[in-house]
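# Chains, contacts and geometry: an overview
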Amino acid sequence: MGFLQDSISKVTATLTAANIPWAQDPGVARPKCVMVELPSFTEYARHVRDVTVRLRVCGSPPGNANTNAWIMNTVQAILDTSIVVDGGQPSTADYGGQQLPTYDLSVRIGTNQ
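Our subject in this report is the structure included herewith. (Residues numbered from 1 in each chain as written. Predicted model: local features only at pLDDT ≥ 70, side-chain atom pairs only at ≥ 80, totals over all residues. Heavy atoms only, no water.)

## Remarks on helix α2 (residues 65–79)
How we decide: Where helices and strands are cited, they refer to DSSP runs of H or I of at least four residues and of E of at least two residues respectively, numbered from the N terminus. Any helix carries an expected span of 1.5 Å times its number of residues minus one. When a residue's accessible area, from a 1.4 Å probe over protein chains only, is under 20% of the maximum for its type it is buried; when over 50% it is exposed; and in between it is partly exposed. Think of it as the arc spanned by the lines of direction from the helix axis to the C-beta atoms. Two N or O atoms form a polar contact when they lie within 3.5 Å of each other; inside protein one atom must be a possible hydrogen donor and the other a possible acceptor, and for residues adjacent in sequence the pair counts only when both atoms belong to side chains.
Counted at 1.5 Å a residue, the expected span for α2 with its 15 residues is 21 Å, and the 21 Å between its end C-alpha atoms agrees. Buried residues of α2: T67, I71, T74, V75 and I78, and no others. In a view along the axis of α2, the buried residues occupy a sector of 105°, so they form one face of it. Away from the buried face of α2 by more than 90 degrees, exposed residues A65, N66, M72 and N73 are located. Two or three places before N66, at the opening of α2, N64 has a side-chain oxygen 3.2 Å from that residue's backbone nitrogen.

## Comments concerning the packing of aromatic side chains
Where we set the bar: Note on ring pairs: Phe, Tyr and Trp rings are taken, using the six-membered ring of Trp, and paired if centres are within 6.5 Å. Classes follow the plane angle, with under 30 degrees stacked, over 60 edge-to-face and the rest tilted. Any Lys NZ or Arg CZ found within 6 Å of a ring centre and within 35 degrees of that ring's normal is scored as a charge over the ring.
Going through the model one piece at a time under the given rule, you end up with one aromatic pair. Aromatic pair F3 and F41: ring centres 5.0 Å apart, planes at 90°, arrangement edge-to-face. Taken together, the residues F3 in helix α1 (residues 3–17) and F41 in strand β3 (residues 40–45) connect sequence positions 38 residues apart. The residue whose ring lies beneath R49 is F3, and the NZ or CZ to ring-centre distance is 4.0 Å.

In structure tokens, the structure reads:
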């Protein structure tokens, strides 16, 4: 595996260990899961990289108080893991024609391969 897939594997393994449901395929994204999107990276020197992965904590539409509570609790559960979160913000995502309320987290992973 390459460094991008390794980065995704580290994040998904941590989510699994914390019993946080996740998906990588937009076709199976559903409310009350964390969508793990493709990573981006910056290379500082040969094989020294900073990888960023966006996690989208997906709630149920239309985004009422119960949904918002679930989203915030899930964000806190992610923050309580070893995943390094650089920042987050509320948003929406369209999966399968359905608008889902989300909270988007920026996750940072340093690599040296």
